[in-house]
Amino acid sequence: MLRESINLPDVKYEDPILITGIRFYRSHGQDVFTTFFMETPREKIGKPLMYRMEDGMLYRELPMGAFINCSPEVLEEGSGKFDEGAPISFLADGKVKIGSVTYQRM
């Protein structure tokens, strides 16, 4: 079944399609991020993880599940280890480019 995008009627896609967004914010004095599906922006995917920006690069904390086979309670917890980083740039049109992906700021 083909569906049309609500905001962009020229965009058509077949079920299922899942597009994730990233929410950056401060919580308890720490810089954290969560991901969410575009169709349910108020529902986060997983627990908040830390991030940092240095020299035009964005580094995101990896969850414990990336390193060990663990129980579901610990799977989404932060590991304290960060990914290799991705270049981040803030574009004039309100968009943010992280690596090769461009996001629309909301």
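Residues numbered from 1 in each chain as written. Predicted model: local features only at pLDDT ≥ 70, side-chain atom pairs only at ≥ 80, totals over all residues. Heavy atoms only, no water.

Novice: Quick one: what's the story with the packing of aromatic side chains, residue by residue and with numbers?
Specialist: Evaluation of the coordinates by the stated rule reveals two aromatic pairs. A ring pair is formed by F24 and F33, whose centres lie 6.2 Å apart and whose planes are at 40°; its orientation type is tilted. Judged by centre distance (4.9 Å) and plane angle (75°), the ring pair of F24 and Y51 falls under edge-to-face. Of this pair, F24 sits in strand β3 (residues 20–27) while Y51 sits in strand β5 (residues 44–54), and the two are 27 residues apart along the sequence. (Phe/Tyr/Trp six-rings, centres within 6.5 Å; stacked < 30°, edge-to-face > 60°. Helix = DSSP H or I, 4+ residues; strand = E, 2+ residues; numbered from the N terminus.)

Novice: Give me the lowdown on the nonpolar core, citing residues and values where you can.
Specialist: One finds I22, F33, L49, Y51, L58, A86, I88, V96 and I98 forming the largest nonpolar core, which totals nine residues. Those elements giving two or more residues to this core turn out to be β5, β8 (86–90) and β9 (95–98). Apart from residues lying up to four places away in sequence, I98 is in contact with I22, F24, L58, R60, A86, P87, I88 and Y103. (Core = buried A, V, L, I, M, F, W, Y, C linked by side-chain atoms within 4.5 Å. Buried < 20%, exposed > 50% of the residue type's maximum accessible area, 1.4 Å probe, protein only. Contact = heavy atoms within 4.5 Å.)

Novice: If you had to explain the side chain of D83 to someone new, which residues and values would you point to?
Specialist: By secondary structure assignment, the location of D83 is in the loop between β7 (78–82) and β8. Among the residues examined, D83 registers a relative accessible area of 18% and is labelled buried. One polar contact links the side chain of D83 to the main-chain amide nitrogen of G85, over a distance of 3.0 Å. Contact partners of D83, with chain neighbours within four places excluded, come to L58, Y59, R60 and L62. (Polar contact = N/O pair within 3.5 Å; in protein donor to acceptor, adjacent residues only side chain to side chain.)

Novice: Break down the pairing of strand β6 (residues 57–63) for me, citing the residues and quoting the values.
Specialist: Pairing analysis gives four bridges linking β5 to β6, with the strands arranged antiparallel. Within the sheet, the bridge partner assigned to M53 lies in β6 and is L58. Hairpin connection between β5 and β6: a loop of two residues separates the two successive antiparallel strands, and D55 in this loop has a positive phi of roughly 50°. In this sheet, β8 lies alongside β6 in antiparallel orientation, the contact comprising two bridges. Residue M57 lies in a different strand from β8, and its bridge partner there is P87. Inspection of the sheet shows β6 paired to β7 by two bridges, in the antiparallel sense. (Pairing = 2+ DSSP bridges.)

Novice: Just give me the short version of the confidence of the model for the chain, but keep the residues and values in it.
Specialist: Interpretation of the predicted coordinates at a detailed level should be avoided for regions scoring low in pLDDT. Considering every residue of the chain, the mean pLDDT works out to 83; 83% of them sit at 70 or more. Contacts from residues 1–5, a stretch scored under 50 in pLDDT, to residues over four places away or in other chains number 16 contacts. (pLDDT = per-residue confidence, 0-100.)

Novice: Help me get a handle on unusual backbone geometry, residues and values and all.
Specialist: One non-glycine residue with positive phi stands out, namely H28, at about 55°. Mapped onto the elements, H28 comes out in the loop between β3 and β4 (30–37). A relative accessible area of 81% means that H28 is categorised as exposed.

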